[in-house]
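Architecture at a glance
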Amino acid sequence: MWDLILNPFITVLTLLYSVFGNSAVVAIVLFTIAVRVIMYPLSAQQMRSSKIMQELQPEMKRLQDKYKNDREKLAQEQMRLYREKGVNPLGGCLPLLIQFPIWIGLYQAINHALAATPLQLIDLSGRFLVSGLDQLVPLNNVWIGMDLTQAPTANPSYALVLPALVLVTTYVQSKMITPPQQQPTDGQPSQAQAMTQSMTTVMPIMMGMFSLSFSVGLSIYFIVSNLVSIFQYAWNGQAKWENVFSFLPKKSAAGAPVISGKRTLKAQLEAEKSAAAKVGFSSVTADDVEEVVESVPVSKSDAEDKEPPKSRGPKTKTKTKSAK
Amino acid sequence: MILSPNVRSNLLSNRSLLTRRTVLLVALALMLLAAACGPAPLGTSWPAVSLIQTSCNDQTSTSILVAYNEFIVQVNPADGKGTVLLDPQDCQPRSDENGNPLVWQYKVDGAARQFFSLPVQYQVDGKDQFLAISWDQHIYEINASAPRSTGAEGTTIAGRTGHTVADLVMDDQRIYIGLNSKDVVALDRDTFDVVWAFTTEHGVWSKPLLDNGTLYISSLDHFLYAVDAASGDLQWKLDLNGAVTATPVLHNGRLYISSFARKVFEVSLAGEITKDYATDDWVWGSPSIVGDILYIGDLGGSVYALDTTNGLSEVWKRSKLAAGAIRATPLVYEDRVLVAARDQKVYWLNRDDGSSIIDSEGAPLVRELPAQILSDLLLIRPEDQVDIAEPYVVVTTLSTGQLMAAYTLDNGENKWLYAFQ
């Protein structure tokens, strides 16, 4: 079953190798780009679905809050919301599930084609779907002085640039697709958000570490794959560059500025107070504002916080509704 | 005081920052630990096995020598138990403080310090020694009577890094080693200094053939090389149109070798192809030549018998006999040919026509093991100074849990199993 993916991949990879001057690196780069481009419709669907789900988050939070004691009703209302918006909650998972074996196949094909060990080479037999390609085996695995089948640590020192690039590109990729921090309605810290934040830091380091042990050829695959992914998100308008470059103003899911210091916290509290007063609901007092602000520990970012970031979008629906 | 969810969230996220950072630090520490351990190169290659004879005073004994992963062990071919260490003074079995017999076992530490090439046996001052090379190219001299390395870390080859899976070759003065980093090096047998190095265009994974002062080297770069063993000078090279992973076999003044070009070649000692035979798939292993008939298997699972006296004409062929690759050299004994395959099976064939030998229940005589078989089969005979009544075949798998099994050659009766302890 697995061979249905692996064998064509190995064949195409070797074909590219033979067409482009017996260069394994060119073959890996082109093949990775080609596979990611072919899978773009699936990626785009996943990105679209993810975006819609993000946009629905405030409404979902409101429903969760409203029906927190009635799970059945909550499920009904959620399904109603999905129907109204024409969203399939699993719409983002299916493309991902389809893509996953392809990515694994791509990874395995590169690993097999480079055939670093006798067991890997013996496993290549019978995998070529085009006659004559097996005469090219084993592929030329040296690129600018590096053995593609060996780990960067077993290559010249400049090969260590590759794990660093894997780390950087993975970091950029994971940061730019991380959804903005949602404001919880139940007063509890969001475990999912904390996990996401941790993963965006841990994953790049983990990939960098793996790349130190994996072959140089696989590092090239990781880098190209990350770059293509970054390009695709940017092309789709979903790249959150403000997550990567801190000097860019941050936005929440619905475009509201994210609170990062005492001054902005104070500003938000004042805004809440003002909004509440407009609808005749004034339980937030000036003392409350001062009390809350003073209770927040002073951080380095507070000291540097000269003024609250400019809002680039309208206030969130959540905020308006909570004031009502 | 009533606070909106936005405000509460910001307050609580500040409080949970410390927890998040702790989780992050723990995760990082675990990853660093994992990275430090590094990936063990398990699944790199297959066990190297051979039959050896060692002597203690006037006593000669036969053992199976196996090198696989971090171990080199000796096994008694009669019962499949670890060979008991003998005291070099009185040749009596040695035992530990509890009276348990000590078995011959050599182990190295470190993930990369693993063995896939066969150690060579030699003598120093009349005492048996072994020379072994690990996957990461560390050379170990091992005292046969007390299996400890003379240097715990082994000796590296000057100026060379990379891996080695090829078996070693040794003569009176030199050690010849094929390296994955394209070279074959000749080392001084005493100092391990590099005497000469010959560079091919790709890795050398097979044991070079040394004959009459010439070293025949197979390379993954598709060429067979003849090199002067004394100087390392090239005598000739021959393109075999596909990766070459087999050691050539010399028979009646001709070399017989196969390649990934799906061919078996007959090559003159002057470096010219005199005959060839097309196979169905890549051929990895070396042939077995008995009575002028060459027996070989391919990675598609087919087996061939070719007449070397008649231009490699086909005597018989068993297409797709096995469901997996046949890497191991077929074992030929009297009227039968035994073939081991990656489908975990050993097949008994009639030597005359390649038909399956039928067992007492009327079915083809086949034995199945729990793991892939890629190592060469070993023939154990009573005349090899082994206390057995009839010949055995010893099959070696990739599984350390059932590393070796011995069967009678006659009817495939299982005599013993051996697992790494």
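What you are looking at is a predicted structure, and each value in this text was computed from that prediction instead of being measured.

Analysis parameters
- Residues numbered from 1 in each chain as written.
- Chains lettered and ligands numbered in written order.
- Predicted model: local features only at pLDDT ≥ 70, side-chain atom pairs only at ≥ 80, totals over all residues.
- Helix = DSSP H or I, 4+ residues; strand = E, 2+ residues; numbered from the N terminus.
- Buried ≥ 20, exposed ≤ 12 C-beta atoms within 10 Å, placed from the backbone.
- Contact = placed C-beta atoms within 7 Å.
- pLDDT = per-residue confidence, 0-100.
- Pairing = 2+ DSSP bridges.
- Axes fitted to C-alpha atoms, helices over the stretch in contact; angles between N-to-C directions.
- Parallel < 35°, antiparallel > 145°, perpendicular 65-115°, else oblique.
- Left-handed = near helix turned anticlockwise from the far one by under 90°.
- Nonpolar A, V, L, I, M, F, W, Y, C, P; charged D, E, K, R; others polar.
- Expected span 1.5 Å × (residues − 1).
- Bend = angle between axes of the 7 residues up to and from the residue.

If you tally the helices and strands in chain A, you get 14 helices and two strands. Looking at chain A as a whole, 31% of its 324 residues qualify as buried. Of the contacts made within chain A by residues no fewer than 6 positions apart, 76% connect residues no fewer than 24 positions apart.

With that settled, consider the confidence of the model for chain B. All names here are of chain B. Per-residue confidence for chain B gives a mean pLDDT of 89, with 88% of residues at or over 70. A low-confidence stretch, residues 32-42 stays under pLDDT 50, and its non-local contacts, those more than four residues away or across chains, total 13 contacts. Confidence metrics for the complex model read pTM 0.76 and ipTM 0.86.

Take the sheet that holds strand β20 (residues 273-278) of chain B next. Residue and element names in this part refer to chain B. Across the sheet, four strands lie side by side as β17-β18-β19-β20; this open sheet has antiparallel pairing. What marks the edges here is a single partner per strand, and that holds for β17 (249-251) and β20. Taken pair by pair, the neighbouring strands of this sheet meet at an average axis angle of 25°, ignoring direction. Alignment of β17 against strand β18 (residues 254-259), held across three bridges, turns out to be antiparallel. The residue bridging V249 from the neighbouring strand is Y256, located in β18.

Relative to strand β16 (residues 234-239) of chain B, strand β15 (residues 223-228) of chain B runs antiparallel, the two sharing five bridges. The residue of β16(B) that forms the bridge with B:V227 is B:L234.

Attention now moves to unusual backbone geometry. Most peptide bonds are trans, and most residues other than glycine sit at a negative phi. Here the bond from A:V137 into A:P138 is cis, since omega is -5°, no more than 30 degrees from zero. Tracing the backbone shows A:P138 in the loop between α6 (118-122) and β1 (142-143). Of note, B:K182 is a non-glycine position whose phi angle comes to about 80°, a positive value. With respect to the secondary-structure elements, B:K182 resides in the loop between β10 (174-178) and β11 (183-188). On the basis of neighbour count, B:K182 is assigned to the buried category, with 20 C-beta atoms found within 10 Å.

All names here are of chain B. In spatial order, the strands read β25-β26-β27-β28; together these four strands make up an open sheet with antiparallel pairing. The open sheet is flanked by β25 (331-333) and β28 (366-368), the only strands paired with a single partner. The mean inter-strand angle of the sheet, taken between neighbouring strand axes irrespective of direction, is 15°. Of the pairings in the sheet, the one linking β25 to strand β26 (residues 336-340) comprises three bridges and is antiparallel in character. By the bridge assignment for β26, V332 is matched with V337.

Let us now look at the packing of helix α3 (residues 40-66) of chain A against helix α4 (residues 71-85) of chain A. Residue and element names in this part refer to chain A. Contact geometry of α3 with α4 gives a least axis separation of 11 Å together with a crossing angle of 150°. Judged by the angle between their axes, α3 and α4 are roughly antiparallel. By crossing handedness, the relation of α3 to α4 is classed as right-handed. On α4, the residues touching I52, L56, E59, M60, L63 and Q64 of α3 are L74, E77, Q78, L81 and K85. Along the lines of polarity and charge, the residues of the contact of α3 with α4 split into six nonpolar, two polar and three charged.

All names here are of chain B. Of all the five residues making up strand β31 (residues 404-408), four are buried; the element is thus mostly covered by neighbouring parts of the structure. For β31 and strand β32 (residues 414-418), the ladder comprises four bridges, and the chain directions are antiparallel. Within β32, the residue paired with A405 across the bridge is L417.

Bringing helix α9 (residues 216-235) of chain A into the picture now. The end-to-end C-alpha separation of α9(A) is 29 Å, in line with the 28 Å expected for 20 residues at 1.5 Å each. Phi for A:G237, located one or two positions after α9(A), is positive at around 75°.

Residues and elements named next belong to chain A. Counted at 1.5 Å a residue, the expected span for α3 with its 27 residues is 39 Å, and the 38 Å between its end C-alpha atoms agrees. Of all the bends in α3, the largest measures some 45° and sits at Q57, one to four residues before the proline P58. Of the residues making up α3, those classed as buried are Q46, M47, S49, P58 and L63.

What follows deals with the environment of A:E59. The residue A:E59 is located in helix α3 in this model. Separated by 168 residues in the primary sequence, A:E59 and A:L227 place their C-alpha atoms 34 Å from one another.

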